[in-house]
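Listed below are the residues making up each chain.
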Amino acid sequence: LASEPEGLARELEDRVGEAFVRVLRLPPDTLPVLDALGERHRLGLVSNYYLPAPLRRSLDRFGISPRLGAAVVSGEVGWVKPRPEPFLEALRILGAEPEECIFVGDNLRADVGGAAALGMRTVHVREWLDGALPGDLDGGGDGVRPDRVVDRLADLPGAVSSLAGR
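Below is a short write-up of the structure. (Residues numbered from 1 in each chain as written. Predicted model: local features only at pLDDT ≥ 70, side-chain atom pairs only at ≥ 80, totals over all residues. Heavy atoms only, no water.)

Description of the packing of helix H2 (residues 30-38) against helix H8 (residues 156-164)
Thought 1: Packing of H2 against H8 leaves a shortest axis separation of 9 Å and a crossing angle of 20°. Comparing the axis directions of H2 and H8 gives the class roughly parallel. The handedness of the crossing between H2 and H8 comes out as right-handed. Counting all contacts with H2, which are made through Val33, Ala36 and Leu37, the residues of H8 involved are Leu156, Pro157 and Val160.
Thought 2: Considering only residue class, the contact of H2 with H8 consists of six nonpolar, no polar and no charged. (Axes fitted to C-alpha atoms, helices over the stretch in contact; angles between N-to-C directions. Helix = DSSP H or I, 4+ residues; strand = E, 2+ residues; numbered from the N terminus. Parallel < 35°, antiparallel > 145°, perpendicular 65-115°, else oblique. Left-handed = near helix turned anticlockwise from the far one by under 90°. Contact = heavy atoms within 4.5 Å. Nonpolar A, V, L, I, M, F, W, Y, C, P; charged D, E, K, R; others polar.)

Okay, here's the thing in structure tokens:
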């Protein structure tokens, strides 16, 4: 069995990361929605991406980082959603309790199911589900039910306000 050439794994990771950063596009309503939410709420992000550096570069590139009080990447905490660890790390950074939070996600099982299991209220955003796996659409058969569902990101501030009682 031949050994791996020195530095190959790192070079491959760097190339995948750079491709990730280059192909991402920010939908035009993203920053206005984050700004609207940020007027009344502290914002955090919990991502299941395995390469933290390119994800963080993308957040910086798009101007999202300064809008966030916490950004947790599974590749840094060693666990992926729906496990509680990524959510708990975001809560720790924000200084918040689960019952104070509303978690927004596009994956029923990982996002909605994981957050709800900790006692967070949840919103399922369905705008980007074209390439979703069947288990992501039905909660993996776990009967996951979000507190609110929105079809477009632009509808998120209203859904969050209704859950927050504002």
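Back to the write-up after that little detour.
Some remarks on the nonpolar core
Side chains of a nonpolar character, in soluble globular proteins, are inclined to be buried together.
Thought 1: Leu37, Ile64, Leu68, Val123 and Leu156 are the most contacted members of the largest nonpolar core, which totals 17 residues.
Thought 2: Breaking this core down by element, the ones donating at least two residues are H2, strand S4 (121-125) and H8.
Thought 3: Element by element, the count of residues in this core is highest for H8, at four residues.
Thought 4: If we skip the residues at most four places from it in the chain, Ile64 touches Leu26, Thr30, Leu31, Leu34 and Leu59.
Thought 5: Of all hydrophobic cores here, the second largest spans 12 residues; its members include Val46, Phe87, Leu91 and Met120. (Core = buried A, V, L, I, M, F, W, Y, C linked by side-chain atoms within 4.5 Å. Buried < 20%, exposed > 50% of the residue type's maximum accessible area, 1.4 Å probe, protein only.)

Some thoughts on the sheet that holds strand S5 (residues 148-150)
Thought 1: Pairing is parallel across the open sheet formed by three strands, whose spatial order is S3-S4-S5. Of all strands in the sheet, those bounded by a partner on one side alone are strand S3 (102-105) and S5. Ignoring which end each strand starts from, the neighbouring axes of this sheet average 20° apart.
Thought 2: Pairing geometry for S3 and S4, over four bridges, is parallel. Bridge pairing links Ile102 to Arg121 in S4. (Pairing = 2+ DSSP bridges.)

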